[in-house]
Amino acid sequence: MSAALPLYTTPLQRIGHWILWIFCATVLIFLIAPVLVVVPLAFNNEPYFHFPR
Amino acid sequence: MVADSTTALGQRLRKAERRGHFWAYVLIAPLFLFVALSFIVPLGTVLLNSVYDPIIPDNLSRTVRALDAWNGPRDQVPPEPVFAALAQDLKIAVQEQKAGAIANRLNIEESGLRTIFMRAARRVAAQEEGPWAPFFEAADPAWAQPLIWGNIRNLAEPTHSLFFLSALDSRRLADASVAPQPEDQRIHITIYLRTLGVALTVTLACLALGFPLAYLLAHLRDKTANLLLILVLLPFWTSLLVRTTAWMVVLQKEGVINSLLQAVGLITEPLPLVFNRFGVVAAMTHILLPFMILPMYSVMRQIPASYVRAARSLGASPSTAFLRVYLPQCIPGIGAGALLVFILALGYYITPALLGGSTDQMISYFVADNMGRSLNWGLASALAAILLAAVLVLYAIYDRIAGPGNLKLG
């Protein structure tokens, strides 16, 4: 599936394939973003959850 | 001769098997002991705590016996011998510093009894002789009312169902009848339903987000799939507390999402994303999503791609091939993931406590509250026992529907 789609793929299947990829990318961002968000906070010298400026 | 050697062989075989079994049990013994000590004993203590409550029969034993001997109707105040027995019990309780514990236990049943009881205990300690009935009445007129006596008689047995009644929003009145709690104190059933609702929402959200991702991962080349799997495993390996606070950072009023949306100009006022149900469900879905993806992924990987191809070549439309050939083979993974997420979600405490408002707390919050703040361990145990029973019932239903073999964890 990751390789080029076969020649007989219909346009609808092509769209479905890309929708699946975009959806999965969103879910992966949902999974990884909150974990990465805390990294810059480690460089914060305030007692609150503010991003360092 | 042949029969003899067969019997001898059989005996030797059985002996060898017995020895094998013995060593197998010896090898299992440490694990069994560990499970018994670390799991069954604490759980049993909790279950015992929810029905066993000997404070009153232990410390007011004479009073309980005198009440038994009198055995009058509940709407009457007991006669002098009971008061005398109570006075004797109170003197000992004050001496052994147990009066506070008894007063607290009574106060759980009926708020206000603590003051009445402690005042009487202090006065009795300073008094030598009766008659005790008028003396108690002079200490507080409540002693001439049947209410306090009814509550003592409700607690007279060391095992009782009062905690379970309280956990189910009922109470036993002084006249021994069971009645629902006053309207403003009926909270537990609502909270059980809320707990089930949140767990169900989180399970469905995990299923909706996890299924396509597991499908994609299972059908990618190994190299790409392993790379993307790290993105699933990295949050899985991060501490729960870190992820919960991370969601606070993301969702708060001046957090990442609100600043982003305001910078883009989509909103002018910050959206209330945290300290409500949305924040709890979003964070719990994030924390529990790997538990859904991993079993589904491992099951989907083992489904041969040729099945769907065969269905397609035999004339099935893509949707038919997916629904009738592919999906039924995913059921063990879906069932395992959904069950895992649902049961873990039922017991969530930290995430709702940090990201939820007052109306988003789940049952574990109230278990912890009764343990730590209200010091009503019996009620905490009863609440936990009911949650445990609910989980077991739900598991039994799942087992009946999906069948015992239809569960595959990784």
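## Some thoughts on the overall build of chain B
1) Next: Each helix and strand in chain B was counted, giving 19 helices and two strands.
2) Next: Computed over its C-alpha atoms, the radius of gyration of chain B comes to 31 Å, more than 25% above the 22 Å expected for a compact globule of 410 residues.
3) Next: Looking at chain B residue by residue over its 410 residues, the buried ones come to 41%.
4) Next: Contacts in chain B between residues at least 24 apart in sequence constitute 68% of all its contacts with a sequence separation of at least 6.
5) Next: Entry remark: accessible area of chain B is about 22100 Å², with carbon and sulfur atoms responsible for 65%.

## Overview of the overall build of chain A
1) Next: Broken down by element type, chain A carries one helix and zero strands.
2) Next: Within chain A, buried positions represent 25% of all 53 residues.
3) Next: Accessible surface, chain A as shown: approximately 3900 Å² in total, 74% of it carbon and sulfur.

## So, helix 7 (residues 132–139) of chain B
Residue and element names in this part refer to chain B.
1) Next: Looking at helix 7, one finds that the buried residues are Trp132, Phe135, Phe136 and Ala139. All buried residues of helix 7 project into a common sector of 95° when viewed along the axis, lining one side.
2) Next: The inward-facing, buried residues of helix 7 contact helix 4 (80–95) and helix 6 (113–125).

## Focus: the packing of helix 12 (residues 240–251) of chain B against helix 14 (residues 277–301) of chain B
Residue and element names in this part refer to chain B.
1) Next: Two elements in contact, helix 12 and helix 14, have axes separated by 10 Å at closest approach and are oriented at 135°. In terms of their interaxial angle, helix 12 and helix 14 are classed as oblique. Where helix 12 crosses over helix 14, the two elements pack in a sense that is right-handed. Contacts from Leu240, Arg243, Thr244, Trp247 and Leu251 in helix 12 reach Phe278, Gly279, Ala282, Ala283, His286 and Ile287 in helix 14.
2) Next: Here the contact of helix 12 with helix 14 is composed, by residue class, of seven nonpolar, three polar and one charged.

## Section: a nonpolar patch on the surface
1) Next: A cluster of nonpolar residues, Ile28, Leu31, Phe32, Phe34, Val35, Phe39, Ile40 and Leu43 of chain B, forms a patch on the protein surface that exposes about 810 Å² of accessible area.
2) Next: As for its placement among the helices and strands, Ile28 of chain B is situated in helix 1 (residues 2–49).

## As for the interface of chain B and chain A
1) Next: Facing the 34 residues of chain B at the interface are 20 residues of chain A.
2) Next: Counting each side, the surface lost to burial between chain B and chain A is near 2400 Å², with a carbon and sulfur contribution of 85%.
3) Next: At the boundary of chain B and chain A, one finds zero salt bridges.
4) Next: The tally of links between chain B and chain A comes to one residue pair in polar contact (both at pLDDT 80 or more).
5) Next: Those elements that provide at least two residues to the side of chain B that touches chain A are helix 10 (188–218), helix 11 (222–237), helix 12 and helix 14 of chain B.
6) Next: The element best represented in the side of chain B that touches chain A is helix 12 of chain B, accounting for eight residues.
7) Next: Of the residues assigned to the side of chain B that touches chain A, the class counts are 24 nonpolar, six polar and four charged.

## As for the side chain of Arg105 of chain B
All names here are of chain B.
1) Next: Looking at the secondary structure, you find Arg105 in helix 5 (residues 99–109).
2) Next: Arg105 gets classed as buried once you look at its relative accessible area, which sits at 3%.
3) Next: In terms of polar contacts, Arg105 uses its side chain to reach the side chain of Asp53, at 2.6 Å.
4) Next: Excluding residues within four positions of it along the chain, Arg105 makes contact with Asp53, Ile55, Ile56, Leu155, His160, Leu162 and Phe163.

## Focus: the pattern of salt bridges
All names here are of chain B.
1) Next: Here the structure, examined in full by the defined rule, presents nine salt bridges over all chains.
2) Next: Its salt-bridge partner being Arg171, residue Glu110 comes within 2.7 Å of it at the nearest N-O pair. Of this pair, Glu110 sits in the loop between helix 5 and helix 6 while Arg171 sits in strand 1 (residues 170–172); the two residues are 61 residues apart in sequence, bridging distant segments of the chain.
3) Next: Exposure remark for Arg171: the relative accessible area of 18% places this residue in the buried category.
4) Next: Counted as one network, the salt bridges with shared partners bring together Asp53, Arg105 and Glu109.

## Details of the nonpolar core
1) Next: Ranked by internal contacts, the top residues of the largest apolar core, which has 43 residues, are Val202, Leu213, Leu217, Met284 and Ile293 of chain B.
2) Next: Contributing elements (two or more residues each) for this core: helix 1 (11–41) of chain A together with helix 10, helix 11, helix 14 and helix 16 (318–346) of chain B.
3) Next: Counting residues per element, this core draws most heavily on helix 14 of chain B, at 11 residues.
4) Next: Apart from the residues lying within four places of it in its own chain, the contact partners of Leu213 of chain B are Cys24, Val27, Leu28 and Leu31 of chain A together with Val232 and Ile293 of chain B.
5) Next: Counting 35 residues, the second-largest nonpolar core is a separate cluster that includes Phe83, Phe135, Trp143 and Leu165 of chain B.

## Comments concerning the packing of aromatic side chains
Residues and elements named next belong to chain B.
1) Next: Taken as a whole and judged by the stated rule, the model has 18 aromatic pairs over all chains.
2) Next: Here the aromatic rings of Phe135 and Phe136 are separated by 6.3 Å at their centres, their planes lie at 85°, and the arrangement is edge-to-face. For the pair shown, Phe135 and Phe136 are each scored as buried.
3) Next: Following the ring pairs from residue to residue traces out a cluster consisting of Phe83, Phe117, Trp132, Phe135, Phe136, Trp143 and Trp149.

## Quick word on a positive patch on the surface
1) Next: Judged by side-chain charge, Arg14, Lys15, Arg18 and Arg19 of chain B come together as a positively charged surface patch.
2) Next: With relative accessibility at 56%, the residue Arg18 of chain B sits in the exposed group.

## A few points about the confidence of the model for chain B
All names here are of chain B.
1) Next: Of all residues in chain B, 97% have pLDDT values of 70 or greater, and the mean over the chain is 91.
2) Next: Element-level mean pLDDT values for chain B span from 88 in helix 13 (residues 256–264) up to 96 in helix 10.
3) Next: Complex prediction metrics read pTM 0.85 and ipTM 0.83.

## Details of the environment of Ala8 of chain B
1) Next: Secondary-structure assignment places Ala8 of chain B in helix 1.
2) Next: Once the C-alpha coordinates of Ala8 of chain B and Gly130 of chain B are considered, the two residues, 122 residues apart in sequence, prove to be 85 Å apart.

Parameters at a glance
Residues numbered from 1 in each chain as written. Chains lettered and ligands numbered in written order. Predicted model: local features only at pLDDT ≥ 70, side-chain atom pairs only at ≥ 80, totals over all residues. Heavy atoms only, no water. Helix = DSSP H or I, 4+ residues; strand = E, 2+ residues; numbered from the N terminus. Rg over C-alpha atoms; globule rule 2.2 N^0.38 Å. Buried < 20%, exposed > 50% of the residue type's maximum accessible area, 1.4 Å probe, protein only. Contact = heavy atoms within 4.5 Å. Areas by Shrake-Rupley, 256 points an atom, 1.4 Å probe, with all protein chains shown as cover. Arc of directions from axis to C-beta. Axes fitted to C-alpha atoms, helices over the stretch in contact; angles between N-to-C directions. Parallel < 35°, antiparallel > 145°, perpendicular 65-115°, else oblique. Left-handed = near helix turned anticlockwise from the far one by under 90°. Nonpolar A, V, L, I, M, F, W, Y, C, P; charged D, E, K, R; others polar. Patch = residues over 30% accessible without salt bridge, like charges linked within 9 Å, V, L, I, M, F, W, Y side chains within 5 Å. Salt bridge = Lys/Arg side-chain N within 4 Å of Asp/Glu carboxyl O. Buried area = accessible area lost by both parts, 1.4 Å probe. Polar contact = N/O pair within 3.5 Å; in protein donor to acceptor, adjacent residues only side chain to side chain. Core = buried A, V, L, I, M, F, W, Y, C linked by side-chain atoms within 4.5 Å. Phe/Tyr/Trp six-rings, centres within 6.5 Å; stacked < 30°, edge-to-face > 60°. Lys, Arg positive; Asp, Glu negative; His and termini not counted. Charge placed at Lys NZ, Arg CZ, Asp CG, Glu CD. pLDDT = per-residue confidence, 0-100.

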